Each structure stands twice: as structure tokens, then as C-alpha cells.
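Listed below, chain by chain, are the residues.
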Amino acid sequence: MGGLLGKSSGGKHGGLNNEELQRKRQEVFVVGESDGHGHTSEFNIEQQKKLVHQDVVSSVQYSDNHILSTALNKTYALIDLSSLSNNVMQLSQQPLDACFVSNDVAVIGCRNGSVLFCDLTIDGSPNLTAIDEHNLAVQAVASTGVSLCSGSKDGEVKFWDAERAAVLRDNKISRNVVTGLSSLSEHTFAQSSEDRCLRVWDSRTGAVSVEFQKQRYIMSCCSCMDEHLIVTGSRGAGTNTDGCIISLWDTRNNSESVGDFSGHNGSVSDCVFTDSNHFLSSSNDDTLRLWDMSATACVDVFSCPSAPTCVASSSRTGLFCVGLSNGQVLQGKVDDSTHKVTSVSAL
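Everything numeric here is computed off the predicted structure, so don't read it as measured data.

(A) Region of the structure containing the overall build of the protein. For the protein, the helix and strand inventory stands at 2 helices and 28 strands. Residues counted as buried form 56% of the 347 residues belonging to the protein. In the protein, 44% of the contacts between residues at least 6 apart in sequence involve partners at least 24 apart. Total accessible area computed for the protein in this model is approximately 14100 Å², and 43% of it derives from carbon and sulfur atoms.

(B) Inspection of the pairing of strand 4 (residues 86-90) at higher detail. The pairing of strand 3 (residues 75-80) with strand 4 spans 5 bridges and is classified as antiparallel. Across the sheet, residue Tyr76 finds its bridge partner in strand 4, namely Met89. Between strand 3 and strand 4, which pair antiparallel in sequence order, lie 5 residues; one of them, Leu84, sits at a positive phi of approximately 60°.

(C) Examining the pairing of strand 22 (residues 278-283) more closely. For strand 22, a buried count of 6 out of 6 residues is recorded, marking the element as mostly surrounded by other parts of the structure. Residues His278, Leu280 and Ser282 of strand 22 are buried on one face, and the alternating residues Phe279, Ser281 and Ser283, pointing to the opposite face, are buried as well. Here strand 21 (residues 268-273) pairs with strand 22 via 5 bridges, running antiparallel. Bridging from a neighbouring strand, Val268 pairs with Ser283 of strand 22.

(D) Main features of the pattern of salt bridges. In total, this model carries 10 salt bridges according to the counting rule given. Where Lys158 meets Glu133, a salt bridge forms, and the shortest distance between an N and an O atom there is 3.5 Å. Linking Lys158 in strand 11 (residues 156-161) with Glu133 in the loop between strand 8 (127-132) and strand 9 (138-143), this pair joins segments that are 25 residues apart in sequence. A relative accessible area of 3% places Lys158 in the buried class. Taking the relative accessible area as the measure of exposure, Glu133 reaches 29% and is therefore partly exposed. The partner of Lys158 in a salt bridge is Glu156, and the shortest N-O contact between them spans 3.5 Å. Here Lys158 matches Glu156 in class, with each residue buried.

Rules used in this analysis
- Residues numbered from 1 in each chain as written.
- Predicted model: local features only at pLDDT ≥ 70, side-chain atom pairs only at ≥ 80, totals over all residues.
- Heavy atoms only, no water.
- Helix = DSSP H or I, 4+ residues; strand = E, 2+ residues; numbered from the N terminus.
- Buried < 20%, exposed > 50% of the residue type's maximum accessible area, 1.4 Å probe, protein only.
- Contact = heavy atoms within 4.5 Å.
- Areas by Shrake-Rupley, 256 points an atom, 1.4 Å probe, with all protein chains shown as cover.
- Pairing = 2+ DSSP bridges.
- Salt bridge = Lys/Arg side-chain N within 4 Å of Asp/Glu carboxyl O.

If you want it as C-alpha cells, here you go:
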């Protein structure tokens, strides 16, 4: 699997040039317009029937060419962005919890602790390599383009040589139940945890380089903008919605968060930056929210057909995709001028 992580296939996608590809992608934006007051139009009957999976979608990720999604019913789907067709594969392993995809490789974390590597450069049936490294569920996978990292419910973080599908370094911290991983720089990853602590790992040493002050609530996810800024989502205890917040962190100030964003009425399931000043968050309150970082304010709300469980964005196109608890995968766009969620459609 030579050179799989950061390799780009150039400006061609499935025989389409960039202009044709953009036009093809825009064709799906026909459902779900925000009216500016945080409400959306109803999905029509045909859209409601479009299920990529038959169970909760556990993770979604973008590459230049694909969307990869995983679900708790042991299936993963590879959606071709040039044709918007999807190939849903059933696996015999445990439920799938996490994924990463580039133009050349897909990496999937499984509930039984194994990590699956799928070489996308080979035509025909997926060529899967299963590596049993973690003792418990692999709940997060991320890549910087140079380094690959996986994190587990067992408190262990592993750094991989993706070309050989081999672990280079690992480190385990007691009670560090990994809930999210995101690439921060070429060699560093941000990691959220159920122990309420945000950490930054250095893949070259396999050690924590920055550890932030613990917050009050359990962290459920994290996303990075650049070498310094990180957002995390959290969940409250029981029916308490006070802890359902998004926090902004700066690696140059590891004493406490530099800003909190409130508005969700349920646990925050995922978050992702869409540009240098905006990020999306998903929640089990059935909404997807767009936030303005500089204003510390929510600027748009999109109501989903069921609870959104995961969200990813494509920095090159302004597109985002979101996985739902009913098995749907939606795709939409954040408008560059209005900074609103526009036209969302089921894939």
C-alpha cells in the first residue's frame, strides 16, 4: 500500500473535469432549504426512503473522490462523488465505529478492537486487511497525510505506518476513553476523551505534548482548524442540557477553553470546521448547527429527519455530509456569502 495517506489523484474524478464534477455535485442540492429562522422544509417521501444504511451511522469522512460512512449494522458505504453512486458492503466483524478515507485507502475502526485497511487503488472487490491491535472498540481514526492514528475505548492511542499497516508507537492512559481524533499539524493530533480532558499527541514520540485543563462535562468529539485551534463537543449528565456545549481551545493557552458555545438541547455528537471562522455541530436534539467562531454565536440551524450522529466537511468544495441515526447520509453546503446551510439532500 505505497504512499496511501496523502496521495492526490489530481484534478480528474471518474472521467469528469473539475467543472463537470462541480455541476454534478450541485445536482443533489434539491431538498431542505433553511428559511433563515432555523427551520427547514420537510423531506419528501422519496428522500425519506433513501437509506444508505439500515442502522445508526457511526462515522462519515470525505476524500477528494469519495464519502466513506460506517454503521452499527456492520456495513460501510463508499460513495463516489463523481457519480453519487454508493457501494454498501456487509462485514462479518463487530459493528463499525470510526473511519478515515483518502483517495487511495480507507481505514475503519471496529467494535472488536480491530482496524481494517482497504486499498482503494485496486479495481474490483475491496482488498481488506484486518489488524487486531486494540483490546476494545476503536472509536476514532484520523490522519495528517503523513501519520495515521487510532484511538480506543481501552484508553490506548496508536500511531501507524499505513503503508505496511503496522503500529509504530502506542501509549495508554488510564481512563482515557477516546471519543474523537483530529489532525492538528503534520505530526500532531487532538484527542477528546470521556475523562473530560483534551490532549494533543505527537506521532513522532507517541507522547502527549499538550494537555488541557479538564472541563466539567464528558467530551464527545473534537475538530481542528489549524495548528492552534480546536473545538470539542460535550454531553450533559442524564437530562441535564447544561453540558451540551461546544468549547473552543487554543494550544497556546492550555489552562482553559477560550470560548463556549451553547444552544443545543441534547448531547453534541460531532463537530467539524467548515472554514477558518465557522464550524458545524450535530446533536441528538435532531439539529445541525452552524457557528460563527468570532461572534461566539449560532448563525443557522438545520433540523434533520432523525438525530445526526456524525458530520464531516470537504474544505475544497464547501460541502458537508452528516450521518443520521435512521441510516441516512445527507449532503449539503454552507453558502460562502450568507454562511447558511443550504439545500440538503439524502444520498
